[in-house]
Structures are given as C-alpha cells and as structure tokens.
Amino acid sequence: MDESKFNDTVPEATVKDKHFSGLNPNFDVKNIGIEAEEIKTDVTSAESIGLFTVKTAREWIDQAKKRPIPKMLFSEFWFESELCILFADTNLGKSALAVQIGDSISRNEPIKAFKLEAEQQKVLYCDFELSDKQFEARYSEKFENHYLFNNNFLRAEINPEKSDFGEYGFDSFEKYLYYSLERLIINTEAKVLIVDNITYLKDTTEQAKSALPLMKYLQHLKKRYNLSILALAHTPKRDLSKPITRNDLQGSKMLINFCDSSFAIGESNHDKRLRYLKQIKARSTEIIYDNENVCVCQISKPENFLIFEFLNFGTEQEHLKQVSESENLELENNIKDLMRTDSTLTAYAIAKRLCQDDSKFNSFKVKVSRIVNKLRNNSNNSNNSNNSNNSNN
C-alpha cells in the first residue's frame, strides 16, 4: 500500500470540493427555481430526464447482464455490493463478529461453517467503539502473542487532535466526519467498509428524520465507490420472550427500508454463552436463516482471536425466555387492580409501578401496554353490549 496516500493534512473544506459536494442530502425545493418548460427541455440524452434515468425493462436487464453476479461475503447474510445492517443488544458480540468477517474477507479464508465466494479484498474497519488498547486486548493473549492481521485489513478510529471541525472549515462535526470518511475510502481504495457503530454517524437513528439522510449517504457511498458495506447498530431493550424482528432495530423503519440486507444476533436465554444469528431482510437471496433455522454459535477465544464458533442449527424458540401462564396471569391481575384504583393511569405509569428491574423496563413497558390495551378493549366491548341490551329492553 502506498503510504503517501495517507496525507494527514485536511484540505480547506468548501462545497466546491469535488469529493464533498452533494453529500448533504438536505435541500430546499423552493429554491431550485426551475419552471415547467425548462424541465421539459432539461434532457441531456434520450435516457436522462432531470434526476431520473429511464430505459425499457429489456434494456435494464441487458445492462445488468454485463455486471458481475454478487458473491457471498458471509454466507447468505451478506453479499457483495450490499448495504447490510447487523444489529443486536449491547455486549452480544457485534464487533467481534464484524472483525471476524472482515478478517475472513481480507485473507480470502471463509469462517468455518460459513460461505465466502468473493475474492480477497481490502477491508476498511471504522472503529468508533474500542480504543487501540481494547482492540489489542481482544486480539492477543494478555497483550502478548498478538494475532497477525492481513495487511488488507485496515482499521480507522477518530483522531481526537483533528476533531475540531470548525478549524477545517466545516459548520458541523457530521459534515466533517462524512468528508473524512469519503477521503478514507478514496485513499485506501477499500472495497469493503465496516462501520462500528452506525449511531456515531448520526446523533440519533431512532427518528426517521435522522435515519433517512444517513441511509441515503451510505447508499451514495456504496454506489459511487462500488462498496460492500456492513453497518453495525444497536437495539433498544426488547422482550426476550419474543422473536427478533425488524421492529427491534433502532430507527427500524427507515434503516430497514433503505438497506439491502440485515441480520441480527440474539442471546440464548438458557445458556448465556450462546448466540444465534437470524436473517431479517434479504434481496439477493431468499430468507434461509429464519426463526426455524437460526445459526447457533458460541463466543470463544481459543488463542489470540475472539471468534463466533458455529455449533449447530436450531429454532429461535429454543433460546427465547419462557414465560409461564401463572406469571402472565399474576401480572394481568396486578394491572387490573391498579386500573380499578385509578382508571386514569397510563400504561407507562402502570409499568413504572410494577417493574422490578429498571434495566428491563422498556421490554416490560411493551408487555404492560399490550395487556392494558386488551383490558380496555374488553371493557369497551362489554359496555357497548350492555348499552345495546338496555336499549332493546
């Protein structure tokens, strides 16, 4: 790799910079100022009309036939040229699995029991989670006997001495970050980008107004530089008795809608050492690893490399928390008592009073809300029935 490409000086940032212009997806339609007649004549070719390219369906297929068929990077979970989201709760091993996948691609050596069809490629791992010392600890034996990564595996982290965006002519840290990330891609010539964690690229991904521009930006990078992108994301606290769904991803609607594929890591409730991998979304293949066929793994560190070790296939139900009927009935009765005492109580207020473990409040709140809605619907239906009987009498 040409070390001269890694110039540590940042050029003056202006919207005229050829690598930065157009990255901000926010724009004001009112200021475009194009009349209807101008739009009709603004055609650069028979196929290009303003923002759109139009061809017959047959022409699109003929063009697509000339492009290479996407190959697997990590079995059917992630293919080349895809923007894939890997999500899980904290401390379930997202980063460990992402590094393991990146290392596999950089060496062109498949992870045991998983498929790798793609050729050896340069991987850029943007690490917004671990310090260099924490990273060293994971890939060594007590800071000795360090794992030797292939030189195709590049790791990047934020340089705190260069974090003053105003000094480099930017009006926000986000724009400076996006600009720097794009320069990294250009200078390293990486074809695989792993972002750990996607939340760092936006202050919040829980709201659609924040998630949509972020996904547009990542799709822009993917298409402009022909990248394969794996973006890691968190899940809010969830009900561990329920299967993982797309709704468990923070900002799920926009993030899931605009990614090409997605898979999740779940924790076994019966053995905390076990994890399972489940497909959530796929475009290049059918869903193979669903709730009836999850990949069960354990996290281990045989020597100097933290890995997901495949054990077997199983059903998701085997690893979910089992809630007894008596527990459900007791909770429902407690909710009824509170609602009788004060009919104005919200589901949130009831959950606050009954929750015994603050760390599980979010998932408990969802469960309480479901029971409250059921009880109130039953009560309304009963009242309507009584009113109907009274009017008939």
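Everything that follows concerns the structure shown earlier in this document.
We now turn to the structure provided with this report. (Residues numbered from 1 in each chain as written. Predicted model: local features only at pLDDT ≥ 70, side-chain atom pairs only at ≥ 80, totals over all residues. Heavy atoms only, no water.)

## Things to note about helix 8 (residues 325–341)
Then, number 1: With 17 residues, helix 8 extends 24 Å between its outermost C-alpha atoms, agreeing within 8% with the 24 Å of an ideal straight helix rising 1.5 Å per residue.
Then, number 2: Residues of helix 8 that are buried include every one of L331, E332, I335, L338 and M339, and no others. Each buried residue of helix 8 lies within a common arc of 125° when the element is viewed along its axis, so the set occupies one face. The outward face of helix 8, more than 90 degrees from its buried face, is lined by the exposed residues E325, S326, L329, E330, R340 and T341. (Helix = DSSP H or I, 4+ residues; strand = E, 2+ residues; numbered from the N terminus. Expected span 1.5 Å × (residues − 1). Buried < 20%, exposed > 50% of the residue type's maximum accessible area, 1.4 Å probe, protein only. Arc of directions from axis to C-beta.)

## Side note on helix 5 (residues 173–188)
Then, number 1: Given a rise of 1.5 Å per residue, 16 residues ought to cover 22 Å, and the 22 Å separating the end C-alpha atoms of helix 5 matches this to within 8%.
Then, number 2: Positive phi shows up at E189, right after helix 5, with a value of about 60°.

## Here's the deal with the packing of helix 8 against helix 9 (residues 347–354)
Then, number 1: Between helix 8 and helix 9, the shortest axis-to-axis distance is 11 Å and the interhelical angle comes to 120°. By the criterion of interaxial angle, the relationship of helix 8 to helix 9 is oblique. Crossing of helix 8 against helix 9: the hand is right-handed. Of the residues in helix 9, those touching helix 8 at L331, N334, I335, L338 and M339 are I350, R353 and L354. (Axes fitted to C-alpha atoms, helices over the stretch in contact; angles between N-to-C directions. Parallel < 35°, antiparallel > 145°, perpendicular 65-115°, else oblique. Left-handed = near helix turned anticlockwise from the far one by under 90°. Contact = heavy atoms within 4.5 Å.)

## Overview of the pairing of strand 11 (residues 274–281)
Then, number 1: The buried count for strand 11 comes to eight of eight residues, which makes it a mostly enclosed element.
Then, number 2: Where strand 10 (residues 261–267) and strand 11 come together, six bridges link them in antiparallel fashion. Its bridge partner being in strand 11, I265 is matched across the sheet by L277.
Then, number 3: Taking the residues between adjacent antiparallel strands as the criterion, strand 10 and strand 11 are bridged by six residues.
Then, number 4: Summarising the sheet, strand 11 and strand 12 (residues 294–300) pair through four bridges and their orientation is antiparallel. Note that in strand 12 the partner of Y276 across the bridge is V296. (Pairing = 2+ DSSP bridges.)

## Notes on the pattern of salt bridges
Then, number 1: Per the stated rule, a full pass over the model turns up 17 salt bridges.
Then, number 2: Between K175 and D171 there is a salt bridge; the shortest N-O distance is 3.4 Å.
Then, number 3: K175 gets classed as partly exposed once you look at its relative accessible area, which sits at 25%.
Then, number 4: Assessed through its relative accessible area of 59%, D171 is described here as exposed.
Then, number 5: Through salt bridges with shared partners, one network takes in D127, R155 and E157. (Salt bridge = Lys/Arg side-chain N within 4 Å of Asp/Glu carboxyl O.)

## Here's the deal with the sheet that holds strand 12
Then, number 1: As summarised here, the arrangement of the nine strands in space is 7-6-8-9-5-10-11-12-13, forming an open sheet in which the pairing is mixed. The sheet is open, and its two borders are formed by strand 7 (153–156) and strand 13 (307–314), each paired with just one other strand. With direction set aside, neighbouring strand axes in the sheet form an average angle of 25°.
Then, number 2: Sheet analysis places strand 6 (residues 123–127) next to strand 8 (residues 192–196), joined by five bridges and oriented parallel. Among the inter-strand pairings, Y125 is bridged to a residue of strand 8, identified as I194.
Then, number 3: Sitting on the sheet, helix 3 (residues 94–107) touches strand 5 (83–88), strand 6, strand 7, strand 8, strand 9 (228–234), strand 10, strand 11 and strand 13, and the angle it makes with strand 9 is about 170°.
Then, number 4: Running over the sheet, helix 5 touches strand 6, strand 7 and strand 8 and is turned about 155° from strand 6.

## Considerations on unusual backbone geometry
Then, number 1: Positive phi, normally seen in glycine, also occurs at S75, with a value near 45°.
Then, number 2: Mapped onto the elements, S75 comes out in the loop between strand 3 (72–74) and strand 4 (78–79).
Then, number 3: Phi at N145 is positive, roughly 50°, even though this residue is not glycine.
Then, number 4: Inspection of the secondary structure assignment puts N145 in the loop between helix 4 (132–138) and strand 7.
Then, number 5: According to the relative accessible area criterion, N145 is partly exposed, its value standing at 44%.

Honestly, it's all geometry; don't read function into it.
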